[in-house]
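Given next are the chains, with one letter for each unit.
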Amino acid sequence: MSLLAQVQDDMKTAMKAKDKKTLAVVRQIKSAVMNEQINLGHDLTEEEELSVLSREVKQRKESIAEFKEGGREDLAKDTQAELDVLAKYLPAQLSEDEIKQVVAAAIEKTGATSPKDMGKVMGIVSAQTKGRADGKVVADTVKKALAN
């Protein structure tokens with residue numbers, strides 16, 4: 001089932017349940033996917049759908065950080081609820097240990113020895129973890145591994 005079909009079904013379910021918060025997030029997801037489809041001019045592949053979802057998640061995470069910094073816990077809580085709904089559409093996230101294993105394998109493959117080689121390692125690791133791990137966590141893990 002494509003993401004768009006799943007979103008449609010979830011939208012119907014949320015409407016029937018009169019769950020306004022979930023409905024709003026599901027509509028935002030549908031809108032983002034449809035806009036991307038229009039911009040690209042074709043149906044989205046799974047990878048492109050994942051990219052749209054990742055962008056939405058990143059926006060929510062940044063918003064939460066800004067709200068907390070500004071002392072708006074109420075808005076941070078609402079945005080966290082949106083993030084929880086979005087998480088349902090993402091593939092299972094990798095654990096820290098799994099990320100470390102992927103990073104170690106990439107370092108071994110590229111022969112990286114110093115932080116200067118971070119770009120080579122990130123290219124390989126990013127491709128393998130796309131949508132399954134936060135880019136910031138991956139970058140920090142690569143930095144730590146190359147610093148040792």
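Preceding this paragraph is the structure being described.
Residues numbered from 1 in each chain as written. Predicted model: local features only at pLDDT ≥ 70, side-chain atom pairs only at ≥ 80, totals over all residues. Heavy atoms only, no water.

Draft legend 1. Expanded view of the packing of helix α3 (residues 46-69) against helix α4 (residues 73-87). At a closest axis distance of 8 Å, the pairing of α3 and α4 adopts a crossing angle of 160°. As far as their axial angle goes, α4 and α3 are roughly antiparallel. Every pair of crossing elements has a handedness; the one defined by α3 and α4 is left-handed. Contacts between α3 and α4 involve L53, E56, V57, R60, K61, S63, I64, F67 and K68 from the former and E73, L75, A76, T79, Q80, E82, L83 and L86 from the latter. (Axes fitted to C-alpha atoms, helices over the stretch in contact; angles between N-to-C directions. Helix = DSSP H or I, 4+ residues; strand = E, 2+ residues; numbered from the N terminus. Parallel < 35°, antiparallel > 145°, perpendicular 65-115°, else oblique. Left-handed = near helix turned anticlockwise from the far one by under 90°. Contact = heavy atoms within 4.5 Å.)

Draft legend 2. Expanded view of the packing of helix α5 (residues 96-110) against helix α6 (residues 118-129). Direction vectors running N to C along α5 and α6 enclose 135°, while the axes themselves pass 9 Å from each other. The orientation of α5 with respect to α6, classified from their angle, is oblique. Crossing hand, α5 versus α6: right-handed. Only K120, V121, I124, V125, Q128 and T129 of α6 make contact with α5, whose side of the interface consists of V102, V103, A106, I107, K109 and T110.

Draft legend 3. A look at unusual backbone geometry. Residues other than glycine seldom take positive phi values, yet K18 does so here, at roughly 55°. Note on placement: K18 falls in the loop between α1 (3-17) and α2 (20-40). The exposure class assigned to K18 is exposed, which follows from its relative accessible area of 69%. (Buried < 20%, exposed > 50% of the residue type's maximum accessible area, 1.4 Å probe, protein only.)

Draft legend 4. Structural view of the nonpolar core. Counting 23 residues, the largest nonpolar core has I29, V33, L53 and Y89 as the members making the most contacts within it. Among the elements of the structure, α1, α2, α3 and α4 are those that each provide at least two residues to this core. Of all the elements, α2 adds the most residues to this core, at six residues. (Core = buried A, V, L, I, M, F, W, Y, C linked by side-chain atoms within 4.5 Å.)

Just distances and angles here, no functional claims.
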